[in-house]
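Here's the letter readout for the chains.
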Amino acid sequence: MTRQLGSLEDLPRDYRAALTERNLLPLWPNLRAVLPPDKPQPRTRPTHWSYEGLRPLLLRAGELTPIEWAERRVLVLANPGHGLDNMQATPAISLGMQLLLPGEWAPSHRHSPNAVRVIVEGEGAYTTVNGEKCVMHRGDLILTPTWQWHEHGHEGDKPVVWLDVLDLPLVHYLEASYHVDGSRQTVTPDRGDAIYARGGVVPASAFERADKPYPMLRYPWQEARAALCALADNHDLATVQVAYVNPETGRDAQNILGYYAQMLRPAQTLKLPLRSPAMVFHVIEGAIEARIDENAFALAEADTCCAPGYASVTLQNRSPRAAAFLFIADEAPLHRKLGIYESRG
Ligand SMILES: [Fe+2]
């Protein structure tokens with residue numbers, strides 16, 4: 001049993017004042033808050049963001065605020081447990097829905113936090129990352145890793161929306177977050193999504209392997225979806241899931257956050273292992289119920305929700321006929337690097 005410790009109020013007022021005056025703090029009244037018994041006490045609350053609910057507000061932002069006044073026209077999906085102003089979905093993840101209208105251009109910049117985007121709606125937009133033009137189709141994952149130049153353009157005729165996922169809260173907490181503005185990029189023919197489109201082979205020019213830190217920047221949804229269907233057809237797995245990786249190293253696609261695609265068979269119910277990293281779920285296709293601790297969220301296509309670390313998570317495909325597909329982001333690469341990763345099965 002965990003012993004109760006003395007409180008601040010147990011201490012004489014003059015003693016507390018003397019400590020405060022010298023920038024000192026007794027540990028024992030705060031010890032259980034920072035080292036709770038058995039499992040952490042997360043500030044992250046299971047939260048659901050409905051696309052149907054946010055879409056009209058995002059489109060209205062397109063009328064209210066020209067791109068020149070926004071630079072990135074984003075509504076942040078903020079977790080109330082962290083306070084909305086802190087722009088956190090989880091401790092290390094920030095989420096935003098970004099709108100780009102036909103003909104608009106979001107200027108080139110680069111920054112210390114990593115970002116990725118998952119395309120939610122619309123055709124004709126693109127992100128240019130370090131000179132590589134990455135076209136945006138629904139469900140595609142596009143990386144803009146730390147310090148890579150990136151800008152967004154739109155050659156289509158309808159609004160385009162994507163989900164931004166960044167490790168901004170962590171990098172900001174470390175007081176290492178800043179950006180640099182750049183000029184319009186020149187597009188090069190170096191397209192990682194074409195070069196690495198076939199599994200099992202990688203470039204080996206003059207017998208040497210490529211050494212770019214981020215060789216692949218666009219992960220087409222049709223390829224990830226086909227990989228999931230092949231996995232479901234050829235393996236008797238309960239969890240049909242793929243990880244987005246660096247095709248040269250096989251390691252996580254980025255340093256801090258992990259990205260995955262998951263398929264739920266028709267009517268499948270899947271209980272996830274209890275793990276230390278917080279997670280984000282975004283529905284690419286289908287309708288899902290996500291039970292996160294004592295919350296139950298009915299997720300429609302393009303909806304997003306989050307779960308704190310150590311939460312009990314059960315996902316259920318609400319369709320008895322069609323498979324459902326999810327994009328998942330988590331903080332696992334960070335936890336593994338820090339040595340605090342835990343899976344309780
Ligand atoms: Fe950016």
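Refer to the structure presented above.
These numbers were taken from a predicted model, which means no experiment stands behind them.

Here is what the cut-offs are and how they apply
Residues numbered from 1 in each chain as written. Predicted model: local features only at pLDDT ≥ 70, side-chain atom pairs only at ≥ 80, totals over all residues. Heavy atoms only, no water. Pairing = 2+ DSSP bridges. Helix = DSSP H or I, 4+ residues; strand = E, 2+ residues; numbered from the N terminus. Axes fitted to C-alpha atoms, helices over the stretch in contact; angles between N-to-C directions. Salt bridge = Lys/Arg side-chain N within 4 Å of Asp/Glu carboxyl O. Buried < 20%, exposed > 50% of the residue type's maximum accessible area, 1.4 Å probe, protein only. Donors = N, O, S within 2.8 Å, 3.2 Å for Na, K, Ca; no water.

(A) A look at the sheet that holds strand β18 (residues 295–299). The sheet built from four strands is open, its strands ordered β15-β20-β17-β18 with antiparallel pairing. The sheet terminates laterally at β15 (269–271) and β18, the two strands that pair on one side only. Each neighbouring strand pair of the sheet contributes to a mean axis angle of 15°, computed without reference to strand direction. Bridge analysis of β15 against strand β20 (residues 313–317) gives three bridges, and the strand direction is antiparallel.

(B) Highlighting the pattern of salt bridges. With the rule as written, the count across this model stands at 13 salt bridges. R73 is the salt-bridge partner of E104, the closest N and O atoms lying 2.7 Å from each other. In this pair, E104 sits in the loop between β3 (94–100) and β4 (105–111) while R73 sits in the loop between α4 (67–70) and β2 (74–76), placing the two residues 31 residues apart along the sequence. Assessed through its relative accessible area of 3%, R73 is described here as buried. Between E342 and R344 there is a salt bridge; the shortest N-O distance is 2.9 Å. According to the relative accessible area criterion, E342 is partly exposed, its value standing at 28%.

(C) Focus on the coordination of the iron ion. Looking at the iron ion, the protein donor atoms are H109 (NE2), H111 (NE2) and H150 (NE2), and they sit 2.1 to 2.2 Å from it. Here the donor residues for the iron ion map to a single chain with the spacing H-x1-H-x38-H. With H111 in strand β4 and H150 in strand β9 (residues 150–154), this pair connects stretches of sequence that are 39 residues apart. On the basis of relative accessible area, H150 is assigned to the buried category, the value being 2%.

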